[in-house]
Amino acid sequence: MKRIGVFGGTFNPPHIGHSRLVEHIRQTVSLDRLLVIPTFLPPHKASTDLASGEDRLAMCRLAFPDWCEVSDYEIRRGGKSYTVDTLTALKEEYPQDELVLLIGSDMMQTFDQWYRCEDILKLCTVCVTSRCEDGADIAAEKTPEIFQTHPLLRSALPPFEVSSTQVRALIRQGLPTDGLLLPAVRAYIEERGLYRD
Ligand code: ATP
């Protein structure tokens with residue numbers, strides 16, 4: 001049995017916070033593979049400046065290290081990207097393997113509102129990463145009820161404050177994104193004129 005990490009997100013655009021997360025996971029959680037899966041349409045986000053699936057895929061390929069496998073599964077499928085559907089498809093493809101779904105602590109708090117969240121927990125192990133200095137946001141007392149009966153991996157990632165929303169705002173204003181975006185991603189954004197208006 002292999003352990004396959006699944007890291008989904010809008011990645012609009014992928015930033016250093018995302019790269020730090022996967023590097024940290026590589027060091028703290030034993031995984032055989034890690035799939036990075038950009039969503040086509042995120043179910044719980046209304047984004048007015050969402051770059052195309054093709055552009056977000058291309059940026060993910062530039063942003064994530066080579067040992068990550070960037071998957072076009074959700075972009076290819078189109079429509080709303082429900083995690084339960086993606087995990088079901090992965091489970092059919094890799095029936096013997098354990099799927100480990102990576103989420104940030106912000107996502108953990110709203111997990112019980114995700115579409116068919118109970119079914120998600122039957123398909124995978126969830127690994128939650130903290131987003132505060134002392135890891136208090138992933139402590140047992142902060143863990144929503146739904147996880148009480150399921151194994152939950154916890155990984156304390158020292159915080160790095162950056163979000164795609166912040167990066168898009170900087171780009172819109174023509175400001176530098178040094179230290180927040182990989183230069184190759186910024187170059188791609190400039191070349192394609194993304195997030196300008
Ligand atoms: P947006 O600002 O557009 O909402 P985002 O920066 O939160 O985007 P997503 O693509 O929605 O990025 O994030 C995908 C995953 O990465 C989520 O599980 C989220 O918790 C995690 N994540 C995002 N930013 C960071 C960060 N700075 N450090 C650690 N994890 C992060």
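Look up: the structure comes first, before these words.
The structure presented is a predicted model; accordingly, all values stated were derived computationally and were not measured.

Contact pair helix H2 (residues 53-63) / helix H8 (residues 183-192): the axes reach a minimum separation of 9 Å and the direction vectors enclose 155°. As far as their axial angle goes, H8 and H2 are roughly antiparallel. Handedness of the H2/H8 crossing: right-handed. Judged by residue contacts, Glu54, Asp55, Ala58, Met59, Leu62 and Ala63 of H2 engage Ala184, Val185, Tyr188, Ile189 and Arg192 from H8. Taken together, the residues of the contact of H2 with H8 break down into eight nonpolar, no polar and three charged.

It is worth spelling out the pairing of strand S5 (residues 125-129) at this point. The buried fraction of S5 amounts to five of the five residues, a majority that puts the element mostly inside the structure. Side chains Thr125, Cys127 and Thr129 of S5 all project onto a buried face; the interleaved residues Val126 and Val128 project onto the opposite face, where all are buried too. Note: strand S4 (residues 98-104) against S5, five bridges, orientation parallel. Of the residues in S5, the one forming a bridge with Val100 is Thr125.

The strand order across the open sheet built from six strands is S3-S2-S1-S4-S5-S6, with neighbouring strands paired in parallel fashion. Here the strands that pair on one side only, and so sit at the sheet edges, are strand S3 (68-70) and strand S6 (152-155). Averaged over neighbouring strand pairs, the angle between their axes works out to 25° when direction is ignored. Each of strand S1 (3-9), strand S2 (33-38) and S4 is contacted by helix H4 (residues 83-93), which is oriented at about 155° to S4, the strand it contacts most.

Moving on, we get to the nonpolar core. It is characteristic of soluble globular proteins that their nonpolar side chains tend to be buried jointly. Counting residues in hydrophobic clusters, the biggest one holds 32 residues, and the most contacted among them are Phe7, Met59, Phe64, Leu102 and Ile189. Of all the secondary structure elements, the ones that give two or more residues to this core are helix H1 (16-28), S2, H2, S3, S4, helix H7 (164-172) and H8. It is H2 that provides the largest number of residues to this core, a total of four residues. Those residues in contact with Met59 that sit more than four places away from it in its chain are Pro13, Pro14, Ala51, Val185, Tyr188, Ile189, Leu194 and Tyr195. Counting 25 residues, the second-largest nonpolar core is a separate cluster that includes Ile4, Val6, Leu87 and Phe147.

Thresholds, definitions, all that
Residues numbered from 1 in each chain as written. Predicted model: local features only at pLDDT ≥ 70, side-chain atom pairs only at ≥ 80, totals over all residues. Heavy atoms only, no water. Axes fitted to C-alpha atoms, helices over the stretch in contact; angles between N-to-C directions. Helix = DSSP H or I, 4+ residues; strand = E, 2+ residues; numbered from the N terminus. Parallel < 35°, antiparallel > 145°, perpendicular 65-115°, else oblique. Left-handed = near helix turned anticlockwise from the far one by under 90°. Contact = heavy atoms within 4.5 Å. Nonpolar A, V, L, I, M, F, W, Y, C, P; charged D, E, K, R; others polar. Buried < 20%, exposed > 50% of the residue type's maximum accessible area, 1.4 Å probe, protein only. Pairing = 2+ DSSP bridges. Core = buried A, V, L, I, M, F, W, Y, C linked by side-chain atoms within 4.5 Å.

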